[in-house]
Structures are given as structure tokens and as C-alpha cells.
Amino acid sequence: MLAVHFDKPGGPENLYVKEVAKPSPGEGEVLLKVAASALNRADLIQREGQYDPPPGASNILGLEASGHVAELGPGCHGHWKIGDAAMALLPGGGQAQYVTVPESLLMPIPEGLTLLQAAAIPEAWLTAFQLLHLVGNVQAGDYVLIHAGLSGVGTAAIQLTRMAGAIPLVTAGSQQKLQMAEKLGAAAGFNYKEEDFSEATLKFTKGAGVNLILDCIGGSYWEKNVNCLALDGRWVLYGLLGGADINGPLLSKLLHKRGSLITSLLRSRDNKICGFRESKKAEEDEEGGVRLSPQADALLSLVLVQANASECFHGANSASLLHGGPPTSTAGSGQNLPSDRNPGGP
């Protein structure tokens, strides 16, 4: 089978498509024929040699995928049959024609979503769901500040925050991104390049501050985060794009706010799917219709990875997806995904 491969850590120019052995499902595993796979920041960091996959995981990139069940391994419990459409949360291996998936990490595709849309759901949306509900304990009426609001997790968090009855605020680096965030449901957006987001947040909340912060930036944002955190607020740290070093009285300022600093690495959690499945808010509105709106920065065929690596693999804001349809690239479109129900195998 074909898979996205790199021989040494580095930039996207190191990526190429390679013929590798097709995996076989082991005990309790399902073989998925991949229709589409999304690109996450964890993939970028892994490609750069800064994020090792968990022990036993595939070295092929790809933490989420959609497709059809191709084979059932021994010990499967009969929940799936050959040909079923599914989406999967993966420890790795999604950017290939086939991937093996523990049966427990395979999910049905919500009615109304395409295979391409579904490929952008498992990692980013389950991450956002856990950050909000299982880690951040979001409540109706909360103000929620979402950093990197146009990232895959950010766009999911905006919509899930609204579904929880809370009020999403975002930071982003351009007016275009802020406008896109507002279309997804953000109540307000702040350009961190042009203004102090903490002061803008306090102004918007009439001095109250935000009850919950979803922060993938870390060190460089700590003081502004604490400044705009409400009394008894929760600050959930799940990334360190702005560095890991802190200089200054973080603890005393956090103590003054009675604030909680909670850290989370979602790749190593095993209860993502359970919490997501239990909440119909993550899938349906009151009439049962799908309300999820995955966003894509880029869409390209697996066979064009090498030609388009610099365009799509430096670090898209929303999900970038590999698919098995015609050789197409729509990098930077920021549009909802196409409506092909089944684009075919890679």
C-alpha cells in the first residue's frame, strides 16, 4: 500500500509517498480502508522529530481517518461488518491506504457528514470536547477564551462551546481568521498581533474575565491569561507553541485569582471516545440533525503529497486532509469540506 513517509526529521520537503507493507489487524483490531485522513499539529511536530509516537504505534503520520471496514481481526465483538463506513481515532498511521484500528477507537459517522468531513472529527473534535467538558468542566453561561481559534481544535471548540450554552471568545492573528471564527459562532475575536487580548477580553466581559481558557500557547501568554481569568477560573494548558519557560510571579497571581491551572496531553488519554459518545450535544441538535461543521485549510490527493508539501504541511490553521479522489489542491481555502459521500480509496 502507499503511505506518506519521511526518512529523517525535518521540514515538509522530506515527505514523500512510499510503498509499504499493508498492515494486518491483530486481536480486537479492525482494518480500515482509508478514504481521508486529517493533518494535526502533533503530526507536524512528530515530522520535525520533537514528538515520538506512543510505544507500539505506527511511525506513519495521521491521528484520525475515515473510510470503510476492510477486515475484522480475531476477537472483535461483532459491532462492525465489512464495508461499514467509519471514522477512527488513531495512535498513528492514518496517512496511508490502510490502517489498523482497535475496535474501541472506531466510530460510526454521524448522519449527514461526508467521509471527508468525518476525517476531521476524531482527534480535533474529541480533543476539544475533552478540554471543554472532561477537563475544563464548561458550564452554560461561561465565557470561554480559545487561543488559536482557527486551528482544528479551535474551530471545533467554538462550536462545542456554543452547544454547551457557553460564550466562545477567540484569539487569532488576522482579521480574516477572526471573521471566520465569528461565522462559526465566536461572540468576539481579538487579533493578538494588534491588541492586548487580555485587556480586550476584560472589556468585552465588563471586567469579569473568562471562566475557562483553552491554551495551546503556554509560556508567552501566561501573564495575559492570568490577567483576564475570572475569579475561580480554569486555565487548561494543552500545548506549548509559545514556549515552556515562565519568568515572573505566576503562582502568586494565579493564587490571587483562586485560579486553577490544569494541564492535559490528549494523545495519551484512553477515554476520549466514551465521553464524546455520551454527549449527544457533540453530534446532534434537538431535532437530531447534525450541527458539526469541520473546517479545512487544504485538500489534496495522497499522490500529490510531494508536490504540495510546502503548501499544505507547514502547519495549516484548520485541518488539512489527504484523500483518495482526483488530484486536487485547495490549500488555504478555509472552506467547509466537499460533499462527496465516498471519494474512493487513496
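Residues numbered from 1 in each chain as written. Predicted model: local features only at pLDDT ≥ 70, side-chain atom pairs only at ≥ 80, totals over all residues. Heavy atoms only, no water.

An unreviewed UniProt entry lists the chain under the name Tumor protein p53 inducible protein 3, with Macaca fascicularis given as the organism.

(A) Representation of the packing of aromatic side chains in the model. On inspection of all chains with the given rule, the structure shows 3 aromatic pairs. On the numbers, 6.3 Å between centres and 85 degrees between planes, the contact of Tyr-143 with Phe-204 is edge-to-face. Remark: Phe-204 occurs in helix 6 (residues 197-204) and Tyr-143 occurs in strand 8 (residues 143-146); sequence separation between them is 61 residues. A relative accessible area of 22% places Tyr-143 in the partly exposed class. (Phe/Tyr/Trp six-rings, centres within 6.5 Å; stacked < 30°, edge-to-face > 60°. Helix = DSSP H or I, 4+ residues; strand = E, 2+ residues; numbered from the N terminus. Buried < 20%, exposed > 50% of the residue type's maximum accessible area, 1.4 Å probe, protein only.)

(B) Highlighting the side chain of Gln-117. On the secondary structure map, Gln-117 appears in helix 2 (residues 115-118). A polar side-chain atom of Gln-117 sits 2.9 Å from the main-chain amide nitrogen of Thr-114. (Polar contact = N/O pair within 3.5 Å; in protein donor to acceptor, adjacent residues only side chain to side chain.)

(C) Just helix 5 (residues 175-184), in detail. Within the sequence span of helix 5, burial applies to Leu-178, Ala-181 and Leu-184. The buried residues of helix 5 occupy one face: seen down the axis, they fall within an arc of 115 degrees. Turned more than 90 degrees from where helix 5 packs its buried face, Gln-176 and Lys-183 sit exposed. Note on helix 5: the residue one or two positions beyond its end, Gly-185, has a positive phi of about 125 degrees. (Arc of directions from axis to C-beta.)

(D) Quick look at the sheet that holds strand 10 (residues 188-191). Across the sheet, which stays open at both edges, the 6 strands sit in the order 10-9-8-11-12-13 with parallel pairing between neighbours. In this open sheet, the two edge strands, each paired with only one partner strand, are strand 10 and strand 13 (260-263). Mean inter-strand twist for the sheet, computed between neighbouring axes without regard to direction, equals 20 degrees. Pairing of strand 12 (residues 229-237) with strand 13, which is carried by 4 bridges, proceeds in the parallel orientation. From the neighbouring strand, Trp-235 faces strand 13, where its bridge partner is Leu-261. (Pairing = 2+ DSSP bridges. Axes fitted to C-alpha atoms, helices over the stretch in contact; angles between N-to-C directions.)

(E) Broad picture of the packing of helix 3 (residues 122-135) against helix 4 (residues 152-163). Where helix 3 meets helix 4, the closest approach of the two axes is 8 Å, and the angle between their N-to-C directions is 55 degrees. If you check the angle between helix 3 and helix 4, you find them oblique. Taken as a pair, helix 3 and helix 4 cross one another with a handedness that is right-handed. Residues Ala-124, Trp-125, Thr-127, Ala-128, Phe-129, Leu-131 and Leu-132 of helix 3 pack against Gly-152, Val-153, Ala-156, Ala-157, Gln-159, Leu-160 and Thr-161 of helix 4. (Parallel < 35°, antiparallel > 145°, perpendicular 65-115°, else oblique. Left-handed = near helix turned anticlockwise from the far one by under 90°. Contact = heavy atoms within 4.5 Å.)

(F) Quick peek at a negative patch on the surface. There is a patch of like negative charges on the surface, built from Glu-194, Glu-195, Asp-196 and Glu-199. The residue Glu-195 is located in the loop between strand 10 and helix 6 in this model. (Patch = residues over 30% accessible without salt bridge, like charges linked within 9 Å, V, L, I, M, F, W, Y side chains within 5 Å. Areas by Shrake-Rupley, 256 points an atom, 1.4 Å probe, with all protein chains shown as cover. Salt bridge = Lys/Arg side-chain N within 4 Å of Asp/Glu carboxyl O. Lys, Arg positive; Asp, Glu negative; His and termini not counted. Charge placed at Lys NZ, Arg CZ, Asp CG, Glu CD.)

(G) How the structure looks around the nonpolar core. If you look at the biggest cluster of nonpolar residues, it comprises 59 residues, and the most contacted ones within it are Leu-132, Val-144, Leu-214 and Trp-235. Of the residues forming this core, the biggest block, 8 residues, is contributed by helix 3. Counting only domains with at least three residues in this core, you end up with domain 1 (2-120 + 294-323) and domain 2 (125-263). Excluding its chain neighbours within four sequence positions, the residues that come into contact with Leu-214 are Leu-131, Leu-132, Val-144, Leu-145, Ile-146, His-147, Ala-157, Val-236 and Tyr-238. Among the nonpolar cores identified, the runner-up in size contains 12 residues, and Val-30, Val-34, Ala-88 and Val-101 belong to it. (Core = buried A, V, L, I, M, F, W, Y, C linked by side-chain atoms within 4.5 Å. Domains from an automatic or database assignment.)

(H) Fine view of the pairing of strand 4 (residues 64-72). When strand 3 (residues 29-39) meets strand 4, the two strands line up antiparallel, connected through 7 bridges. When the sheet's bridge partners are listed, Val-34 is paired in strand 4 with Gly-67. Note: strand 4 against strand 5 (residues 85-89), 5 bridges, orientation antiparallel. Bridging from a neighbouring strand, Glu-64 pairs with Leu-89 of strand 5.

(I) A look at the environment of Leu-214. The topology assignment puts Leu-214 in strand 11 (residues 210-215). Taking relative accessible area as the criterion, Leu-214 reaches 0% and is therefore assigned buried. The spatial distance from the C-alpha of Leu-214 to the C-alpha of Leu-145 is 6.2 Å, given a sequence separation of 69 residues.

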